[in-house]
Amino acid sequence: MTARFRLMVLLICLFSLLVGGCSSRADLSQEEARREKVPAFSRQEQSSPSAPVLLKIHFIDIGQGDAILIQSPQGENLLIDAGEKDAAPKLLSYLEAQGVEKLAAVIGTHPHSDHIGGLSEVINTFPVARVYLPAVTHNSRTFEELLLTIKNKELKVSKASQGVKIPLNGLQAVFLAPGDENYEKLNNYSAVVELRYGENTFLLMGDAEIESEEQILQAYSDLKANVIKLGHHGSSSSSSPAFLAAVAPQYAIVMCGADNEYGHPHQETLAALKKMGIEVCRTDQDGNILISCDGRKVDISSERGNNISGSPKPQALNDKTSVAVNDESKDLIGNKKTRKFHRPDCKTLPEMQNRIFFSNREQAIAQGYTPCKSCNP
Ligand SMILES: [Zn+2]
Ligand SMILES: [Zn+2]
């Protein structure tokens, strides 16, 4: 090998190191991906193939009502309920902040306005591939408006009923209810969704009450789940001891508004959960609640960080909370735009207004941030 040739090889190596190891370039390609309207999670996978593939379930605090966003590990979005119509602007901005650009499916669990009130706005805002509703009608303007929106968008309604599977990549989603088409109470028509990802299971009950729970118990022998979104906002008309014992969850989520007129969640329900050692997370107290799951471990964090075990420090979900947003003492710095996180001494730190601070790597990853390839935090 001549000296000249050796020098050339050395130069080529140096050049490729510079290009390959430069995170500002990686950040740039993320910005490009955003412009090309690639869904949030595929962006993440493209930029960091070694990052854990996460299922995310967002219990969105829209006051008294339900709105649950599921982001599959493959980047598909599924929305279960959309709260009251009044809360639609909040819901839409939350979805946009999560990088939602289209929805693989929306589910209106049952025709009460605290579940389907915002659904028309959602369908008018995002391209929706499928709409699931249970086989029941309701005499309300909200419900009629929803049907009209579905018709105008030339969408067909798929029936939500026991045993129907929701096609999603890498994630199993199936309706466990309604198992009947003849209930007295509208709540019992609720579409109940079971999600399975790896070793973890999540049960989302809509407003299903004890009659529906009994039918689920009869139809399924294995109802064990890591997390249950309690039926009917934690009302005592749901969550019978037999049902809770069969599900045996570690966490129970209550979606309700602060000081709601129904007294949700009811004391009887909270007492039963306490007795069984089930941890409770509530949107009225905790704000938005986020579950991140890699198929083995379930992490729960919340906007206000109350009440949640397994989280050593309060974790901020987004900029709305004062927690952790401007705290320079935290060890890691996230870039709200590129959703990457860096060591404080990284050469490619984001501008001040785009910074979010994390105490540790796990906290950053749980919130959907990927490590910078340059400083490798
Ligand atoms: Zn209801
Ligand atoms: Zn409800």
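The following paragraphs examine the structure supplied in this document.

### Here's the deal with the coordination of the zinc ion (ligand 1)
Around the zinc ion (ligand 1), the protein supplies His 110 (NE2), His 112 (ND1), Asn 187 (OD1) and Asp 207 (OD) as donor atoms, at distances of 2.1 to 2.2 Å. In this structure, the zinc ion (ligand 1) is coordinated by 4 donor atoms arranged in irregular fashion, with angles at the metal of 88 to 169 degrees. Expressed as a motif, the donor residue spacing for the zinc ion (ligand 1) is H-x1-H-x74-N-x19-D. Between the zinc ion (ligand 1) and the zinc ion (ligand 2) the interatomic distance amounts to 3.5 Å, and Asp 207 serves as a bridging ligand to the pair. Of the two residues, Asn 187 sits in the loop between β8 (172-177) and β9 (192-197) while Asp 207 sits in the loop between β10 (200-204) and α8 (210-219), which places them 20 residues apart along the sequence.

### Topic: the environment of Leu 91
Tracing the sequence through the fold places Leu 91 in helix α4 (residues 88-97). Since its relative accessible area comes to 0%, Leu 91 is described here as buried. When the C-alpha positions of Leu 91 and Val 122 are compared, they lie 8.5 Å apart, and in sequence the two are 31 residues distant.

### Points about the coordination of the zinc ion (ligand 2)
Here the zinc ion (ligand 2) is held by Asp 114 (OD), His 115 (NE2), Asp 207 (OD) and His 233 (NE2), and the distances to it run 2.1 Å. One way to put it: the 4 donor atoms around the zinc ion (ligand 2) meet at angles of 86 to 155 degrees, and that makes the site irregular. Each donor residue of the zinc ion (ligand 2) belongs to the same chain, with the gaps between them written as D-H-x91-D-x25-H.

### Some remarks on the sheet that holds strand β18 (residues 355-358)
Taken together, 4 strands build an open sheet; the order of strands is β18-β16-β17-β19 and the sheet is mixed. Edge positions in the open sheet fall to β18 and β19 (370-371), since each of these has one partner strand only. Two elements, strand β16 (residues 332-335) and β18, share 4 bridges in a ladder whose sense is antiparallel. Bridge pairing in β18 places Leu 332 opposite Phe 358.

### Concerning the pairing of β10
Moving residue by residue along a regular strand, the side chains alternate between the two faces of the sheet. Summarising burial for β10: 5 of the 5 residues are buried, a large majority. On β10, burial covers both faces: Asn 200, Phe 202 and Leu 204 on one face and Thr 201 and Leu 203 on the other are all buried. Here β9 pairs with β10 via 5 bridges, running antiparallel. The residue of β10 that forms the bridge with Leu 195 is Phe 202. Here β9 hands over to β10 after 2 residues, with Gly 198 in that stretch at a positive phi of 60 degrees. Strand direction decides the pairing type here: β10 and strand β11 (residues 227-229), joined by 3 bridges, are parallel. Directly across from Phe 202, in β11, lies its bridge partner Val 227. Between the parallel pair β10 and β11, the chain is carried across by α8, and the sense of this crossover is right-handed.

### Overview of the pattern of salt bridges
If you walk through the whole model with that rule in mind, you get 9 salt bridges. The residue Arg 304 makes a salt bridge to Asp 61 at a minimum N-O spacing of 3.7 Å. One end of the pair, Arg 304, is in the loop between β15 (298-302) and β16; the other, Asp 61, is in the loop between β1 (55-59) and β2 (68-71), with 243 residues separating them in the sequence. Residue class for Arg 304 comes out partly exposed when judged on its relative accessible area of 38%. Given the relative accessible area of 10%, Asp 61 is considered buried. With a closest N to O distance of 3.0 Å, Glu 194 and Arg 196 form a salt bridge. For Glu 194, a relative accessible area of 6% gives the class buried.

### Topic: the packing of aromatic side chains
One pass over the structure, following the stated rule, counts 2 aromatic pairs. Between the aromatic rings of Tyr 132 and Phe 175, the centroid separation amounts to 5.3 Å while the plane-to-plane angle is 55 degrees, which identifies the pairing as tilted. Of this pair, Tyr 132 sits in strand β5 (residues 131-133) while Phe 175 sits in strand β8, placing them 43 residues apart in sequence. Taken individually, Tyr 132 and Phe 175 each receive the classification buried, so the pair is uniform in this respect. Seen in terms of ring centroids, Tyr 183 and Tyr 189 are 5.1 Å apart; in terms of plane orientation they differ by 85 degrees. Their pairing is edge-to-face. Taken individually, Tyr 183 and Tyr 189 each receive the classification buried, so the pair is uniform in this respect.

### Observations regarding the sheet that holds strand β14 (residues 289-293)
Read across the open sheet, the 8 strands follow the order β6-β5-β4-β3-β2-β1-β14-β15; overall the sheet is mixed. In the strand order of this sheet, the two ends are held by β6 (157-159) and β15, each with one partner. Between one strand and the next, the sheet's axes are offset by a mean angle of 20 degrees, whatever the strand orientation. Judged from the 4 bridges that link them, β2 and strand β3 (residues 77-80) form a sheet pairing that is antiparallel. Each bridged residue has a counterpart across the sheet, and for Ile 70 the counterpart in β3 is Leu 78.

### Brief notes about unusual backbone geometry
For the bond from Ala 177 to Pro 178, the omega torsion is 5 degrees, close enough to zero to count as cis. Tracing the backbone shows Pro 178 in the loop between β8 and β9. Backbone torsion omega between His 264 and Pro 265 reads -5 degrees, so that peptide bond is classified as cis. When you line up the elements, Pro 265 lands in the loop between β12 (251-254) and α10 (267-275). Although it is not a glycine, Ser 239 adopts a positive phi angle of roughly 60 degrees. Positionally, Ser 239 belongs in the loop between β11 and α9 (241-247). Look at Asp 259: it is not a glycine, yet its phi comes out positive at around 50 degrees. Considering the arrangement of structural elements, one finds Asp 259 in the loop between β12 and α10.

What counts and how
Residues numbered from 1 in each chain as written. Chains lettered and ligands numbered in written order. Predicted model: local features only at pLDDT ≥ 70, side-chain atom pairs only at ≥ 80, totals over all residues. Heavy atoms only, no water. Donors = N, O, S within 2.8 Å, 3.2 Å for Na, K, Ca; no water. Tetrahedral: all angles 85-135°; square planar, octahedral: opposite > 155°, others 65-115°. Helix = DSSP H or I, 4+ residues; strand = E, 2+ residues; numbered from the N terminus. Buried < 20%, exposed > 50% of the residue type's maximum accessible area, 1.4 Å probe, protein only. Pairing = 2+ DSSP bridges. Right-handed = clockwise from strand over helix to strand, strands pointing away. Salt bridge = Lys/Arg side-chain N within 4 Å of Asp/Glu carboxyl O. Phe/Tyr/Trp six-rings, centres within 6.5 Å; stacked < 30°, edge-to-face > 60°. Axes fitted to C-alpha atoms, helices over the stretch in contact; angles between N-to-C directions.

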